[in-house]
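Notes for the structure review
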Amino acid sequence: MKKKILVKNMVCNRCITLLEQEFKKVGIVVESIVLGEIVYVEKEGVDQYFFENMLRENGFELVKDAGEMLTEHIKIALIEAVDQIEASSEENLSSYLSKKLNRDYSVMSKMFSKQEGVTIERYYIHLKIEKVKELIQLQHLNFSEIAYSLNYKSSSHLASQFKTITGMSMSDYKNLQQWGRKPLDQIV
């Protein structure tokens, strides 16, 4: 029989690969695995406690309640949004999340803040700043192009936000060459 578990802090392809390997080690067949969710074929002798321990040993957690589940879905949607930002997109964050998750934004916002201790908008800004760091490291775009690619109205707005979050200018960060990026599961 197929079962589904939701996994907290599973926010990148590296996380997916790691958990696929862990399931394979113990002979559990994975039907599908995407950010935050694993569908597997149930195996005799493997229970919820096994999954909790295996996940915890690898830096993840089993999602147990509806609030945690919604928060994880929001995080995943925000990570996808940062990766798929189109400079021409005029849709605001609340509309995007409401459409994507088919929920009222005010409900999502309250639940997220309660679970994470930070607003959705603040979390999203931190994700975007980590994306900026990545783009600076790649050295394919100048600061204005980075700002434009991430839907900032101006490079000065991005520069101000970057300095507020990181404590240094984008130029200082670029010159530092010691990148100090945060893993996505450790944002905020």
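Conventions used here
- Residues numbered from 1 in each chain as written.
- Predicted model: local features only at pLDDT ≥ 70, side-chain atom pairs only at ≥ 80, totals over all residues.
- Heavy atoms only, no water.
- pLDDT = per-residue confidence, 0-100.
- Helix = DSSP H or I, 4+ residues; strand = E, 2+ residues; numbered from the N terminus.
- Pairing = 2+ DSSP bridges.
- Axes fitted to C-alpha atoms, helices over the stretch in contact; angles between N-to-C directions.
- Parallel < 35°, antiparallel > 145°, perpendicular 65-115°, else oblique.
- Contact = heavy atoms within 4.5 Å.
- Nonpolar A, V, L, I, M, F, W, Y, C, P; charged D, E, K, R; others polar.
- Salt bridge = Lys/Arg side-chain N within 4 Å of Asp/Glu carboxyl O.
- Buried < 20%, exposed > 50% of the residue type's maximum accessible area, 1.4 Å probe, protein only.
- Core = buried A, V, L, I, M, F, W, Y, C linked by side-chain atoms within 4.5 Å.
- Arc of directions from axis to C-beta.

Let us now look at the confidence of the model for the chain. When pLDDT is averaged along the chain, the result is 86, and 92% of the positions lie at 70 or above. For the chain, the element scoring lowest by mean pLDDT is strand β1 (residues 2-8), at 83; helix α8 (residues 155-166) scores highest, at 94.

Attention now moves to the pairing of β1. When β1 meets strand β3 (residues 37-41), the two strands line up antiparallel, connected through five bridges. Bridging from a neighbouring strand, L6 pairs with E37 of β3.

Any two packed helices are characterised by how steeply their axes cross, that is the angle between the axes, and by the distance between the axes. At a minimum axis separation of 9 Å, helix α3 (residues 66-83) and helix α5 (residues 105-116) run at an interaxial angle of 100°. Of the possible angle classes, the one that applies to α3 and α5 is roughly perpendicular. Across from G67, E68, L70, T71, I74 and K75 in α3, the residues of α5 making contact are M108, M111, F112, Q115 and E116. For the contact of α3 with α5, a count of residues per class yields five nonpolar, three polar and three charged.

What the rule picks out here adds up to 10 salt bridges. Here E116 ties to K75 by a salt bridge, and the two come within 3.3 Å at their closest N and O atoms. Taken together, the positions of E116 in helix α5 and K75 in helix α3 put the pair 41 residues apart, joining distant regions of the chain. Between K100 and E80 there is a salt bridge, and its shortest N-O distance comes to 3.0 Å. Placement of the pair is K100 in helix α4 (residues 93-101) and E80 in helix α3, with a sequence separation of 20 residues. Assessed through its relative accessible area of 44%, K100 is described here as partly exposed.

Once that is clear, we can look at the nonpolar core. Of all hydrophobic cores here, the largest spans 33 residues; its most connected members are I74, L78, L97, I120, V132 and L158. Going through the elements one at a time, α3, α4, α5, α6 (120-138), α7 (143-149), α8 and α9 (170-176) are the ones with two or more residues in this core. Take this core: its biggest share by element is nine residues, from α6. Those residues in contact with L158, other than ones at most four positions away along the chain, are I129, V132, F143, I146, A147, Y152 and M170. Ranked by size, the runner-up nonpolar core spans 19 residues in total, among them C15, F23, L35 and Y40.

A few words now on α4. Here α4 has its buried residues at L93, Y96 and L97. Burial along α4 is one-sided: seen end-on, the buried residues are contained in an arc of 95°. Buried positions along α4 lie against α3, α5 and α6.

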